[in-house]
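Structural characterization, general
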Amino acid sequence: MQIAAVQLDTQWENRPSTHARVIKLLDGVELRAGALVVLPEMFDVGFSMDKAKTDPGSPSESETFCRKLAVDRNVAVLAGVIARTNDGGLANESVGFSPQGTELVRYRKMQPFTPPGEHICYPAGSRHARFAWQDVRIAPFICYDLRFPEIFRPAVRDGAEFIVVVANWPKIRSEHWVRLLQARAIENLAFVLGVNRAGSDPKFSYDGRSCLFDPHGNEVFQADAREQVLLAEVDATVARDWREKFPALRDMRGL
């Protein structure tokens, strides 16, 4: 499966401008039919707690863009968005669409980042999500989730072999980002992709460092701080073979 990690310089609270940047970036790479394109957390507004600015409307402007992107490019798209909830609120989610425009997955961030009050603006989800694409079993997570390894285990028990973490992870803690992604790959015997944003917002600078680790913890790629698209291949048999040869996951206790 080809993956395209879009390390995007999100334009603060400006969906139209950010959507144009996504199109321009993807116009510069060759995507195979059926590739998986991944966009960062809250990809088209930035990590804003201003709900009047992040509300995507109905129908969702963010999801309409992602669905059209998937159909137009004949790819699957997995993106971090702010979504409207059934009770009229908003939530920080990761949503995926197929090349036919159908929804593949919807995951709500289980660990909102409490210092800026994310847990108040965007309430937490309660469980993992998993979907299959190109014969790869994929589990999405979002940013601060990465610091809580216990929430990854249920997804792995559910068969996930490729973990995707989308984020707005600031430069000041970027070494944590890379090392925690590598740790999740090693302990879960899984491919782990982290897709971070680039640029800056009113509070933080971001140095990107989007990266992919294989199930052995080997780095497949790591981006610098520039806005860019990174292409790579994920072969699920690598994870499956390693889990057979080194069956540590079978020894997990049922805690």
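Since we're looking at a predicted model, the values are computed, not measured.

Procedures and definitions
Residues numbered from 1 in each chain as written. Predicted model: local features only at pLDDT ≥ 70, side-chain atom pairs only at ≥ 80, totals over all residues. Heavy atoms only, no water. Pairing = 2+ DSSP bridges. Helix = DSSP H or I, 4+ residues; strand = E, 2+ residues; numbered from the N terminus. Axes fitted to C-alpha atoms, helices over the stretch in contact; angles between N-to-C directions. Core = buried A, V, L, I, M, F, W, Y, C linked by side-chain atoms within 4.5 Å. Buried < 20%, exposed > 50% of the residue type's maximum accessible area, 1.4 Å probe, protein only. Contact = heavy atoms within 4.5 Å. Polar contact = N/O pair within 3.5 Å; in protein donor to acceptor, adjacent residues only side chain to side chain. Phe/Tyr/Trp six-rings, centres within 6.5 Å; stacked < 30°, edge-to-face > 60°.

**Remarks on the sheet that holds strand S2 (residues 36-39)**
The pairing of strands in a sheet happens through backbone hydrogen bonds and is either parallel or antiparallel. The six strands lie next to each other as S5-S4-S3-S2-S1-S14, forming an open sheet whose pairing is mixed. Looking at strand neighbours, the two that pair on one side only are strand S5 (103-108) and strand S14 (228-233), the edges of this open sheet. Sheet twist, expressed as the mean angle between neighbouring strand axes with direction ignored, is 25 degrees. Of the strand pairs in this sheet, strand S1 (residues 2-7) and S2 are connected by three bridges, and their pairing is parallel.

**A closer look at the sheet that holds strand S7 (residues 136-142)**
Strands sit in the order S6-S7-S8-S9-S12-S13 across an open sheet of six strands; the sheet is mixed. The sheet terminates laterally at strand S6 (131-133) and strand S13 (219-222), the two strands that pair on one side only. Mean inter-strand twist for the sheet, computed between neighbouring axes without regard to direction, equals 20 degrees. Here strand S8 (residues 162-166) runs beside strand S9 (residues 191-195); their pairing, made up of five bridges, is parallel.

**A few points about the nonpolar core**
Generally speaking, nonpolar side chains in soluble globular proteins are found buried as a group. Counting residues in hydrophobic clusters, the biggest one holds 56 residues, and the most contacted among them are Ile3, Leu36, Phe141, Phe162 and Leu193. Filtering out sequence-adjacent residues up to four positions away, leucine 193 remains in contact with Ile3, Ala5, Val38, Phe162, Ile163, Val164, Val165, Cys211, Leu212 and Phe221. Formed by 22 residues, the second largest nonpolar core is a distinct cluster that contains Leu25, Phe43, Ala70 and Val229.

**Remarks on the side chain of arginine 197**
Along the chain, arginine 197 falls in the loop between S9 and strand S10 (198-200). Assessed through its relative accessible area of 0%, arginine 197 is described here as buried. A distance of 3.1 Å separates a polar atom in the side chain of arginine 197 from the backbone oxygen of threonine 10. Within polar-contact distance, the side chain of arginine 197 engages the backbone oxygen of serine 200 at 3.2 Å. With sequence-adjacent residues up to four places away left out, arginine 197 is seen in contact with Gln7, Leu8, Asp9, Thr10, Pro40, Gly46, Ala167, Asn168, Tyr206 and Gly208.

**Focus on the packing of aromatic side chains**
One pass over the full model with this rule turns up seven aromatic pairs. Centre to centre, the rings of tyrosine 107 and phenylalanine 141 are 5.5 Å apart; their planes meet at 65 degrees, and the pair counts as edge-to-face. Taken together, the residues tyrosine 107 in strand S5 and phenylalanine 141 in strand S7 connect sequence positions 34 residues apart. Of the two residues, tyrosine 107 and phenylalanine 141, both sit in the buried class. When the centroid spacing of 5.2 Å and the interplanar angle of 10 degrees are considered together, the rings of tryptophan 242 and phenylalanine 246 count as stacked.

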